[in-house]
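An overview of the molecular structure
One letter stands for each residue in the lines below.
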Amino acid sequence: MHFQWYPGHMTKARRMMQENIKLIDLIIELVDARIPLSSRNPDIDELGRNKARLILLNKADLAEDSRNDEWIEYFREKGWPAVKVNSKKGGGIKSIQSVIQEACREKTERDRKRGILNRPVRAMVVGIPNVGKSTFINALAGKACAKTGNKPGVTKGKQWIRLNKNVELLDTPGILWPKFEDQEVGLKLAFIGSIKDEILQTEELAAELIRFLNASYPGVLEEKYSIEAGEDPYEELRLIAESRHCLLKGSGLDTEKAAGILLDDFRNGRLGRITLEIPENAR
Ligand code: G4P
């Protein structure tokens, strides 16, 4: 799924978020475990101040596990509970409810002091397009849960998904836009397939990915495609084309096709678990 963002979309998304944030106690912010910073929009810090926060490293199955743990530590140091999840397969989902309670402990305590007992925590999921918001909501809510909020005949009003007696979740996630005007961020978003490939030509994008992989994950490409790594990423792309029999009609190598194969293999985890951003560089 590719998104083209226009200022109109952004303004609308922001306005909806501002409205919805008033209704909730807890923001569940999804980030992509492969690029936990580039898949965030720091505007949420401003929009969501005074609200409890839980950070989920989604698609944790695609990122290196030791890096996932480092990122969890990084966010926890900032004062936000963080957990890794795989929404697609349901990994980590079971533990979420207890982490939600942990993230809202202050609020529950405040309520208790005021004599408010057992008021459910209301939460909303937010994140950039394609980070897995819908998949996560479905995984968390399951099929059996009841929807509350809308009465028959009343079309206005929010839909709340009751997760248990303590937690209600707004069924529509808040959409944040990434900071794609930053070139580095844009490149990483393009690597994971979150913004249109046309921003860079496929071959250029693949060459950048090859550069990154050779520097940070040496040996991965050699092993996957049975090639010898060299200095020139475009030469390496030609070797991948050869190894995968990407041939142009007539003669010559179809490096564009090879670039597509490489990006697809990376995005689907077929090159192994790879993290593009490390907390060391973020501190
Ligand atoms: P959004 O609401 O934030 O826009 O994201 P959405 O849930 O539509 O998820 C975007 C893509 O990410 C989907 O793939 C979804 O299956 C995948 N996804 C979500 N969570 C995870 C996860 O934890 N791990 C992995 N590996 N993938 C995840 P798709 O290509 O659009 O569809 P499909 O291939 O699942 O059919």
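For the structure given in this document, a descriptive report is provided here. (Residues numbered from 1 in each chain as written. Predicted model: local features only at pLDDT ≥ 70, side-chain atom pairs only at ≥ 80, totals over all residues. Heavy atoms only, no water.)

1. Side note on the pattern of salt bridges
- Overall, the coordinates contain 23 salt bridges when judged by the stated rule.
- For the salt bridge of Glu-102 with Arg-76, the shortest nitrogen-to-oxygen distance reads 3.5 Å. Placement of Glu-102 in helix α4 (residues 96-103) and of Arg-76 in helix α3 (residues 65-77) is noted, with a sequence separation of 26 residues between them.
- The class of Glu-102 is partly exposed, set by a relative accessible area of 31%.
- Assessed through its relative accessible area of 35%, Arg-76 is described here as partly exposed. (Salt bridge = Lys/Arg side-chain N within 4 Å of Asp/Glu carboxyl O. Helix = DSSP H or I, 4+ residues; strand = E, 2+ residues; numbered from the N terminus. Buried < 20%, exposed > 50% of the residue type's maximum accessible area, 1.4 Å probe, protein only.)

2. A few points about the layout of surface pockets
- By volume, the second largest pocket amounts to about 360 Å³.
- Lining the second largest pocket are 22 residues, with Asp-25, Asn-50, Lys-51, Ala-52 and Ala-103 sitting closest to its centre.
- Looking at the lining of the second largest pocket, the elements that each hand over two or more residues are β2 (52-58), α4 and α5 (105-113).
- Here the lining of the second largest pocket is composed, by residue class, of six nonpolar, three polar and 13 charged. (1 Å grid on protein atoms, 1.4 Å probe; cavity = no way out; pocket = protein on both sides within 12 Å on 5 of 7 lines; lining within 4 Å. Points joined across faces, edges and corners; volume = space filled by probe spheres on them. Nonpolar A, V, L, I, M, F, W, Y, C, P; charged D, E, K, R; others polar.)

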